[in-house]
Amino acid sequence: MEGKGISQAVIGRLPRYFRYLGELRDEGVERISSQDLSRLMQVTASQIRQDFNNFGGFGQQGYGYNVEYLYAEIGRILGLDKQHRLIIVGAGNLGQALANYMNFEKRGFLVQGIFDADPKLYGRVVRNLEVEPMELVEQRIREKNIDIGVLTVPKNSAVEVADRLIGYGIKAIWNFAHVDLHVPEGVQVENVHLSDSLMKLSYTISCYEKQRG
């Protein structure tokens, strides 16, 4: 099975490779060496080759990588050769911002609904989608064959909402609530903590300032 035994660090770098290769493709670049890709991405050439060797290598010695082919292959590995249908639960500022993010559709992620428990938000239109009540979530999941549930709800309701989505047949959750979700086997979850990223940035600023004295 492709991907079995591959480290999370390698998997975590694949979207970045995909993004850079997409930019190269759009610029008309047909071939690139690991050394040139290394300079562009600030990743060592040996690391690039090691990462790609996990999936078969993709290149030839002295010949480099075919950008279009490598872009397509990494997209296939990431599952981007098929469409994914998702709903957003939580129609606050973050939920609305995610619904308005156009690049999701370019990557094959189709937002099919947005829901909230606050009646004051019902009927508000967010990028051609009306905010609907939570009572309709199960119906919409089944009607539209939803793959992914996006949680932008408060921490105190995230576990309950996640359990409901899983009970309705959702197999993957993209969780922006400020709590780590622990889900049954067979359900995939990606916990995203925006404040963690900001704190990492704060750490690097602090280290840089200390080095400068």
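No experiment lies behind these values; they were computed from the predicted model shown.

Student: For unusual backbone geometry, give the residues involved together with the corresponding values.
Tutor: Look at arginine 127: it is not a glycine, yet its phi comes out positive at around 50°. With respect to the element layout, arginine 127 can be found in the loop between strand S5 (125–126) and strand S6 (129–133). Judged by its relative accessible area of 25%, arginine 127 is partly exposed. Even without a glycine there, the phi angle at asparagine 145 is positive, about 50°. For asparagine 145, a relative accessible area of 55% gives the class exposed.

Student: Lay out the environment of isoleucine 205 with the relevant residues and their values.
Tutor: In this fold, isoleucine 205 is placed in helix H9 (residues 194–212). On the basis of relative accessible area, isoleucine 205 is assigned to the partly exposed category, the value being 43%.

Student: Summarise the pattern of salt bridges; cite the residues concerned and give the values.
Tutor: In this structure the tally under the stated criterion is eleven salt bridges. A salt bridge links aspartate 51 to arginine 13; its shortest N-O distance comes to 2.7 Å. With a gap of 38 residues between them, aspartate 51 in helix H3 (residues 45–53) and arginine 13 in helix H1 (residues 8–26) connect regions that are remote in the sequence. Judged by relative accessible area, arginine 13 falls into the partly exposed class, the value being 25%.

Definitions and cut-offs
Residues numbered from 1 in each chain as written. Predicted model: local features only at pLDDT ≥ 70, side-chain atom pairs only at ≥ 80, totals over all residues. Heavy atoms only, no water. Helix = DSSP H or I, 4+ residues; strand = E, 2+ residues; numbered from the N terminus. Buried < 20%, exposed > 50% of the residue type's maximum accessible area, 1.4 Å probe, protein only. Salt bridge = Lys/Arg side-chain N within 4 Å of Asp/Glu carboxyl O.

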